[in-house]
Amino acid sequence: MNEMDYNTSRDTLKMPEYGRNVLKMVEDLRKIEDRDKRNAQARAIVKVMGILNPQVHTQENFEHKLWDHLYIISGFNLDIDSPYPCPAEEVFNTRPVPLPMKDTPIKATHYGRNIERVIDLIASEEEGDVKNSLIRALAIYMRQQYLIWNKDSVADETIFKDIERLSGGRLSVPEGISLSKLSENASFSRPSLGIGGNPGKNHSHRQGRRQNKKKSGQ
């Protein structure tokens, strides 16, 4: 009994977006001895690849990319007269440069890592009114972030201790600061809503009634 031929037992596709049939076409292409026929078959395969991968048409120099893909599928082993030279295999096998990532964990996830950067910048400031103003603004922002993750109220002392802890003792909140008062002063007052949520509608409605009374008195 013949064994079943599964894809899992075959070689891994270098470009799976084109499928295994294109790979077979490329393998048959290498077997063509006549150079003119081999070149014609290569151009036909590139057209098929453009149909199977239409997204490549949105890229710049998509025809050049298709020929590069043909060389990649062939394992960079293709003797044809291509309009573009065979790309260097090392270019596609080079590992990307890793992005610089911090390995140190975030000290307080509900504040985020950016808070740590802000604290470092404020700590580098010279002592004075500017630094104290920055610390006040930082404390208000940290209180807002704390309440996003913790719906209950938070004591000012908790925020002050977090600032000292996250800064490693480099920052301390100036005395006499109340975050609740500062937050109220920084908030915008909203106009009172009338009937139907339209500001000033009650006023216009009362004014209209007074005018109607005057007319009826006349």
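Reference entry: report on the structure contained in this document. (Residues numbered from 1 in each chain as written. Predicted model: local features only at pLDDT ≥ 70, side-chain atom pairs only at ≥ 80, totals over all residues. Heavy atoms only, no water.)

### Observations regarding helix α3 (residues 62–73)
Right, on to step 1. Compared with the 16 Å implied by 1.5 Å per residue over twelve residues, the 16 Å span of α3 between its first and last C-alpha is a close match.
Right, on to step 2. Among the residues of α3, L66, W67, D68, H69, L70, Y71, I72 and I73 are the ones counted as buried.
Right, on to step 3. The inward-facing, buried residues of α3 contact α1 (19–31), α2 (35–52) and α4 (89–93).
Right, on to step 4. Just downstream of α3, G75 is the residue with a positive phi angle, here 75°. (Helix = DSSP H or I, 4+ residues; strand = E, 2+ residues; numbered from the N terminus. Expected span 1.5 Å × (residues − 1). Buried < 20%, exposed > 50% of the residue type's maximum accessible area, 1.4 Å probe, protein only. Contact = heavy atoms within 4.5 Å.)

### Points about the packing of α1 against α2
Right, on to step 1. Contact geometry of α1 with α2 gives a least axis separation of 10 Å together with a crossing angle of 170°. Taken together, the axes of α1 and α2 lie roughly antiparallel to each other. Taking contact as the criterion, the partners of V22, M25, V26 and L29 in α1 are, on α2, R38, Q41, A42, I45, V48, M49 and L52.
Right, on to step 2. Grouping the constituent residues of the contact of α1 with α2 by class yields nine nonpolar, one polar and one charged. (Axes fitted to C-alpha atoms, helices over the stretch in contact; angles between N-to-C directions. Parallel < 35°, antiparallel > 145°, perpendicular 65-115°, else oblique. Nonpolar A, V, L, I, M, F, W, Y, C, P; charged D, E, K, R; others polar.)

### Quick notes on the packing of helix α6 (residues 129–149) against helix α7 (residues 156–166)
Right, on to step 1. The geometry of α6 relative to α7 is characterised by a closest axis approach of 10 Å and an angle of 110° between their N-to-C directions. By the angle class used here, α6 and α7 are roughly perpendicular. Remark: the crossing between α6 and α7 carries right-handed chirality. Seen from α6, the contacting residues are L138, A139, M142, R143 and Y146; seen from α7, they are D156, T158, I159, F160, D162, I163 and L166.
Right, on to step 2. Of the residues contributing to the contact of α6 with α7, the split by class is eight nonpolar, one polar and three charged. (Left-handed = near helix turned anticlockwise from the far one by under 90°.)

### Some points on the nonpolar core
Right, on to step 1. Within the largest apolar cluster, 21 residues are counted, with the highest numbers of intra-cluster contacts made by Y111, L138, M142, I159, I163 and L171.
Right, on to step 2. For this core, the elements supplying multiple residues, two or more each, are α5 (113–123), α6 and α7.
Right, on to step 3. It is α6 that provides the largest number of residues to this core, a total of six residues.
Right, on to step 4. Residues in contact with I163, not counting those within four places in the same chain, are L138, A139, M142, L171 and V173.
Right, on to step 5. The next biggest cluster of nonpolar side chains, apart from the first, holds 20 residues, and it includes V46, M49, L66 and L78. (Core = buried A, V, L, I, M, F, W, Y, C linked by side-chain atoms within 4.5 Å.)

### Details of α2
At 3.6 residues per turn, the α-helix brings residues three or four places apart onto the same side.
Right, on to step 1. Between the first and last C-alpha of α2 there are 26 Å, a value that for 18 residues agrees with the 26 Å anticipated at 1.5 Å per step.
Right, on to step 2. Buried residues along α2 sit against α1 and α3.

### A short note on the side chain of R38
Right, on to step 1. Mapping R38 onto the fold places it in helix α2.
Right, on to step 2. For R38, a relative accessible area of 8% corresponds to the buried category.
Right, on to step 3. Within the structure, the side chain of R38 is placed 2.8 Å from the backbone oxygen of D79, a separation counted as a polar contact.
Right, on to step 4. Look past the residues within four positions of R38 in its chain and what remains in contact with it is L29, I32, E33, D79 and I80. (Polar contact = N/O pair within 3.5 Å; in protein donor to acceptor, adjacent residues only side chain to side chain.)

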